[in-house]
Amino acid sequence: MTQQLTGAATASGTRTRWWRDAVIYQVYVRSFADSDGDGIGDLRGIEERLPYLAELGADAVWLTPFYASPQADGGYDVADYRVVDPLFGTLADAESLLGAAHALGLRVIVDVVPNHTSDRHVWFRDALAGGPARERYHFRPGTGADGGLPPNDWQSVFGGPAWTRVPDGSWYLHLFAPEQPDLNWENQEVRAEFDAILRFWLELGGGGVDGFRIDVAHGMVKAAGLPDIGTPEQVRMIGSQTLPFFDQDGVHEIHRGWRELLDSYAGERIGVAEAWAPSAERLALYVRPDELHQAFNFQFLRCPWDAPAMRTVVDESLAATASVGAPTTWVLSNHDVVRHVTRYGGGTTGLRRARAAALLMLALPGSAYLYQGEELGLPEVTDLPDELREDPSFFRSSGQEGLRDGCRVPIPWAEDGPSYGFGPGAGWLPQPDGWGECSVRAQTGNPGSTLELYREALALRRRLAGLGDGPMHWLDAPAGVLAFARPGFVCTVNTLSAAVELPAPGRPLLSTSAPDISGESVRIPGDSCTWWAI
Ligand code: GLC
């Protein structure tokens, strides 16, 4: 089935390389669409809304984990990798969803969570009981006189020590929550099991999955001997240095193996790394020709709304991925970060910038990831009551960090109803008053809406054959403005709040705020982006 799909980049020949410029829409399953009224989004809800995603112009959908899980970390704590959690549906629902997506020309990528299991996984239960599965995790004696101190100084990404003591006195490693014990990837049974899990999903009915988003792809291998990091400052510097548990060279061998496995299936199934690496060059190693296809570009996501900073990130990203022959990916939001409307200042300013950033992202060469609701211009929900929060990082960090629930609020489909069309009843997190004004129904057919902007941008991106995976070069532009050319096309972005005048680059195709053209010159409104035909 997948072999018949025609992506935006369909070329002659057998390999379409569809992923090189694909627009991939992230569905956070529990917050997308609830078909059965339990307040939690589910697979049937997604299937019902697939036509919306196809019509939006997405090439593929990425589904966050829907596997059997106690939900200690929104499903990133998997108790059984081959079972759909009843919260989200059944395996038959997954097959049906895959078939329906493929019939609409949409590919489907699913999450795989190989760095850790749930503490309810049968292996970890066996490990706690002193069984042989203990070798599949990292158990160590403690330090200090009675072994009462953790084996080393590693901190959990969610705060607090990365070790928890068990009744027999030993400690186990968890880079995330205690309910997420890290697997030992030196153990061959772990490797074999994950090969089998990948095959299971690739071979499922409905055409199987088209690829995997690999959770914590940089964390599976730990430095030999699990050495201390050093000072408390270094211990918390995740993402800005090579830590003994992140971005170790050994992870690449695993990804090479997975690439071979993916390539043994027809239809160009892909692997996407969620990898935090200290530089664009280190990140590019994950997408060498014999490794994964894509890696999320978090440098772009983290970049402030500032022209020189954005230009630097774009240049560095393109140079690093070009050095290994891979496409760059672009992403502005996901289920782990504050939504970009809010990051860019919130309110109308934040929304103007977010719309402009989206058009910028979609004009750059490479593949783009959209996070559900960004096409509606949704802001972060910042006033959720603490007692309703579920994010484990909130509870482990005194409420100072890790506010990841605010981007996970169920999205609005309709102007009214108990959850604005998310489902027949209320959603698992409350939606703000007025959420219905942002809904799909309210924005559909409204030419100024963010939804119609995305629809038009994605349609144009498909029509303009040179967009996506082609070359780009920068054009001269006033301070605060980015201007670059693609084949037959120019994109201008004004990151200043004031309008800027420049020579009109061509005929406007699409803009987030209409440019004012007079004769040869054009005034570009503040915080806006325009696409031009040349
Ligand atoms: C990834 C996921 C995040 C999860 C973590 C642990 O970063 O995106 O949501 O909490 O891995 O699995």
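A brief report on the enclosed structure follows. (Residues numbered from 1 in each chain as written. Predicted model: local features only at pLDDT ≥ 70, side-chain atom pairs only at ≥ 80, totals over all residues. Heavy atoms only, no water.)

### Overview of the overall build of the protein
Here is step 1 of the chain: Looking only at helices and strands, the protein features 14 helices and 21 strands.
Here is step 2 of the chain: Against the 2.2 N^0.38 benchmark of 24 Å for 534 residues, the protein shows a C-alpha radius of gyration of 23 Å, consistent with a compact globule.
Here is step 3 of the chain: Reported as C-alpha extents along the three principal axes, the dimensions of the protein are approximately 80 × 50 × 50 Å.
Here is step 4 of the chain: When contacts within the protein are restricted to residue pairs at least 6 apart in sequence, long-range pairs at least 24 apart make up 66% of them. (Helix = DSSP H or I, 4+ residues; strand = E, 2+ residues; numbered from the N terminus. Rg over C-alpha atoms; globule rule 2.2 N^0.38 Å. Contact = heavy atoms within 4.5 Å.)

### Focus on the nonpolar core
Here is step 1 of the chain: The biggest cluster of nonpolar side chains holds 145 residues, and the ones touching the most others in it are Y25, L63, W201, F212 and W531.
Here is step 2 of the chain: Looking at which element gives the most residues to this core, the answer is helix α11 (residues 347–363), with 9 residues.
Here is step 3 of the chain: Excluding anything up to four places from it in sequence, F212 contacts I109, V110, V112, L198, W201, L202, L262, I270, G271 and V272.
Here is step 4 of the chain: Membership of the second largest hydrophobic core comes to 15 residues, among which are L173, L175, F176 and L226. (Core = buried A, V, L, I, M, F, W, Y, C linked by side-chain atoms within 4.5 Å. Buried < 20%, exposed > 50% of the residue type's maximum accessible area, 1.4 Å probe, protein only.)

### Overview of the site of the ligand
Here is step 1 of the chain: Near the ligand, the surroundings consist of 14 residues, among which D73, R213, D215, E274 and D336 are the closest.
Here is step 2 of the chain: One of the side-chain N or O atoms of R213 is found 2.9 Å from an oxygen atom in the ligand.
Here is step 3 of the chain: Within the contact set of the ligand, an oxygen atom lies 2.8 Å away from a side-chain nitrogen or oxygen of D215.
Here is step 4 of the chain: For the ligand, the protein covers 96% of the area, taking 300 Å² as the surface of the free molecule.
Here is step 5 of the chain: Split into classes, the residues belonging to the shell around the ligand amount to 4 nonpolar, 3 polar and 7 charged. (Near = heavy atom within 4 Å. Polar contact = N/O pair within 3.5 Å; in protein donor to acceptor, adjacent residues only side chain to side chain. Areas by Shrake-Rupley, 256 points an atom, 1.4 Å probe, with all protein chains shown as cover. Nonpolar A, V, L, I, M, F, W, Y, C, P; charged D, E, K, R; others polar.)

### Describing the sheet that holds strand β7 (residues 163–165)
Here is step 1 of the chain: Pairing in this open sheet of 3 strands is antiparallel, and the strands run β6-β8-β7 from one edge to the other. Unpaired on one side and paired on the other, β6 (139–140) and β7 mark the two borders of the sheet.
Here is step 2 of the chain: Judged from the 3 bridges that link them, β7 and strand β8 (residues 171–173) form a sheet pairing that is antiparallel. Note that in β8 the partner of W163 across the bridge is L173. (Pairing = 2+ DSSP bridges.)

### Here we look at the packing of helix α1 (residues 43–56) against helix α2 (residues 91–103)
Here is step 1 of the chain: The contact between α1 and α2 brings their axes to 9 Å, and the two run at 10 degrees. What the angle tells us is that α1 and α2 run roughly parallel. In this structure, the crossing between α1 and α2 has a hand that is left-handed. The segment α1 lies against α2, with L43, R44, I46, E47 and L50 engaging D93, A94, S96, L97, A100 and A101. (Axes fitted to C-alpha atoms, helices over the stretch in contact; angles between N-to-C directions. Parallel < 35°, antiparallel > 145°, perpendicular 65-115°, else oblique. Left-handed = near helix turned anticlockwise from the far one by under 90°.)

### Some words on the side chain of S419
Here is step 1 of the chain: Residue position: S419 is located in the loop between α12 (392–395) and α13 (440–443).
Here is step 2 of the chain: Here G425 takes part through its backbone oxygen, which lies 2.7 Å from a polar atom of the side chain of S419.
Here is step 3 of the chain: Those residues within four positions of S419 in sequence are excluded, and the remaining contacts are I411, G425, A426, G427 and Q431.

### Concerning the pairing of strand β5 (residues 107–112)
Here is step 1 of the chain: Most of β5 is tucked away: 6 of the 6 residues are buried.
Here is step 2 of the chain: Judged by which residues are buried, β5 turns out to be covered on both faces: R107, I109 and D111 on one side and V108, V110 and V112 on the other are all buried.
Here is step 3 of the chain: Pairing of strand β2 (residues 60–63) with β5, which is carried by 4 bridges, proceeds in the parallel orientation. Its bridge partner being in β5, V61 is matched across the sheet by V108.
Here is step 4 of the chain: Two strands pair when backbone bridges link them, and β5 and strand β9 (residues 211–214) are joined in this way by 4 bridges, in the parallel orientation. When the sheet's bridge partners are listed, D111 is paired in β9 with R213.

### As for α11
Here is step 1 of the chain: Taking 1.5 Å per residue, 17 residues should reach 24 Å; α11 reaches 25 Å between its end C-alpha atoms and fits that length.
Here is step 2 of the chain: When you tally the buried positions in α11, you get 12 out of 17 residues, the bulk of the element.
Here is step 3 of the chain: For α11, the full list of buried residues reads G350, R353, A354, R355, A356, A357, A358, L359, L360, M361, L362 and A363. (Expected span 1.5 Å × (residues − 1).)

### Considerations on unusual backbone geometry
Here is step 1 of the chain: You will see that L226, though not glycine, has its phi angle at about 45 degrees, which is positive.
Here is step 2 of the chain: For L226, the position within the fold is in the loop between β9 and α5 (232–235).
Here is step 3 of the chain: Among the residues examined, L226 registers a relative accessible area of 10% and is labelled buried.
Here is step 4 of the chain: The phi dihedral of D247 is positive, around 55 degrees, even though this residue is not glycine.
Here is step 5 of the chain: Relative to the helices and strands, D247 resides in the loop between α5 and α6 (251–263).

### Some remarks on the sheet that holds strand β13 (residues 367–371)
Here is step 1 of the chain: Judged by pairing direction, the sheet is parallel, and its 8 strands sit side by side in the order β11-β10-β9-β5-β2-β1-β13-β12 without closing on themselves. Strands at the two margins of the open sheet, each flanked by one partner only, are β11 (294–295) and β12 (329–331).
Here is step 2 of the chain: For strand β1 (residues 23–27) and β2, the ladder comprises 4 bridges, and the chain directions are parallel. Bridge pairing links Q26 to W62 in β2.
Here is step 3 of the chain: Relative to β5, α2 is tilted by about 140 degrees, and along the sheet it contacts β2 and β5.
Here is step 4 of the chain: Across the sheet, α6 touches β5, β9 and β10 (270–273), and the angle it forms with β9 is around 165 degrees.

### Points about the side chain of T64
Here is step 1 of the chain: One can find T64 in the loop between β2 and β3 (67–68).
Here is step 2 of the chain: Overall, the relative accessible area of 2% leaves T64 in the buried class.
Here is step 3 of the chain: Contact partners of T64, with chain neighbours within four places excluded, come to Q26, V27, Y28, V29, Y76 and D111.

### As for the packing of aromatic side chains
The way to describe two aromatic rings as a pair is by their centre distance and the angle between their planes.
Here is step 1 of the chain: Summed over the entire model, instances satisfying the criterion amount to 26 aromatic pairs.
Here is step 2 of the chain: Each ring, one from F66 and one from Y67, has its centre 4.8 Å from the other, and the planes form 40 degrees; the classification is tilted. Comparing F66 with Y67 shows no difference in burial state: the two are buried.
Here is step 3 of the chain: On the numbers, 5.3 Å between centres and 75 degrees between planes, the contact of F489 with W531 is edge-to-face. Of this pair, F489 sits in strand β16 (residues 489–494) while W531 sits in strand β21 (residues 528–533), placing them 42 residues apart in sequence.
Here is step 4 of the chain: Exposure remark for F489: the relative accessible area of 1% places this residue in the buried category.
Here is step 5 of the chain: Put simply, the rings of W62, W276, F296, F298 and Y369 pair up and form one aromatic cluster.
Here is step 6 of the chain: When the ring centre of W413 is taken as origin, the NZ or CZ atom of R49, which lies over that ring, is 4.2 Å away.
Here is step 7 of the chain: When the ring centre of F139 is taken as origin, the NZ or CZ atom of R134, which lies over that ring, is 4.1 Å away. (Phe/Tyr/Trp six-rings, centres within 6.5 Å; stacked < 30°, edge-to-face > 60°. Lys NZ or Arg CZ within 6 Å of the ring centre and 35° of its normal.)

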